Amino acid sequence: VFTDDDEDAGVYEGDLVSVQVTITRKHLQEGKKAGLVHSPFFPFPKNEAWWVIMGTKEGKIISVEKVIDPSRVVEHKIKFL
């Protein structure tokens, strides 16, 4: 978790916060990319996608983002207030 506040490392109401999520596909070798998914009943070829959902303990959804990068290691940043 990163904040755009230089004063301290705390997170306060109104701060712009960035959360970095790293997805590593361990079944792929270095430099390789993910191919199409196995979906025999889908009418056309489909690429792999991940949904990153961030919420509070109380169940409030803060962010929902779709990650479609086929790389072995994907670093995705989510920014919110």
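Preceding this section is the structure that the text describes.
Residues numbered from 1 in each chain as written. Predicted model: local features only at pLDDT ≥ 70, side-chain atom pairs only at ≥ 80, totals over all residues. Heavy atoms only, no water.

Quick look at the pairing of strand β4 (residues 61-67)
Threshold: Strand pairing is assigned whenever DSSP identifies at least 2 bridges connecting the two strands. Helix and strand labels come from DSSP, where a helix needs a run of H or I of at least four residues and a strand needs a run of E of at least two; each type is numbered from the N terminus.
Pairing between strand β3 (residues 50-55) and β4: six bridges, direction antiparallel. Residue pairing across strands places Trp-50 opposite Val-67, the latter belonging to β4. Remark: five residues form the turn of the hairpin made by β3 and β4, two consecutive strands paired antiparallel; Gly-59 in that turn has positive phi of roughly 100°.

With respect to the side chain of Arg-72
The condition that has to hold: Under the scheme applied here, a residue whose accessible area is under 20% of the maximum for its type counts as buried, over 50% as exposed, and between as partly exposed, the area being computed with a 1.4 Å probe on protein chains only. Side-chain atoms alone can form a polar contact between residues adjacent in sequence; in general such a contact is a pair of N or O atoms within 3.5 Å, and within protein one must be able to donate a hydrogen while the other accepts it. We call two residues in contact when some of their heavy atoms are within 4.5 Å.
Considering the arrangement of structural elements, one finds Arg-72 in the loop between β4 and β5 (73-80). Note on Arg-72: relative accessible area 18%, which makes it buried. Only 2.6 Å separates the side chain of Arg-72 from the backbone oxygen of Leu-28, close enough to count as a polar contact. Among the polar contacts listed, one links the side chain of Arg-72 to the side chain of Glu-30, at a separation of 3.1 Å. Contacts of Arg-72, omitting those with residues within four sequence positions, involve Ile-23, Thr-24, Arg-25, Lys-26, Leu-28, Gln-29, Glu-30 and Lys-32.

Considerations on a nonpolar patch on the surface
Basically, it comes down to this: Residues enter patches when they are more than 30% accessible in relative terms and free of salt bridges; like-charged ones are connected within 9 Å and nonpolar ones (Val, Leu, Ile, Met, Phe, Trp, Tyr) within 5 Å. Calculation of accessible area relied on Shrake-Rupley with a 1.4 Å probe; when residues are assessed, cover is drawn exclusively from the protein chains displayed. Salt bridges, as used here, are contacts in which a Lys or Arg side-chain nitrogen is within 4 Å of a carboxyl oxygen on Asp or Glu.
A cluster of nonpolar side chains, namely Trp-51, Ile-53, Ile-61 and Val-64, defines an oily patch on the protein surface of about 460 Å² accessible area. Elements that contribute at least two residues to the nonpolar patch include exactly β3 and β4. Residue classification places Ile-61 among the exposed residues on the basis of a relative accessible area of 55%.

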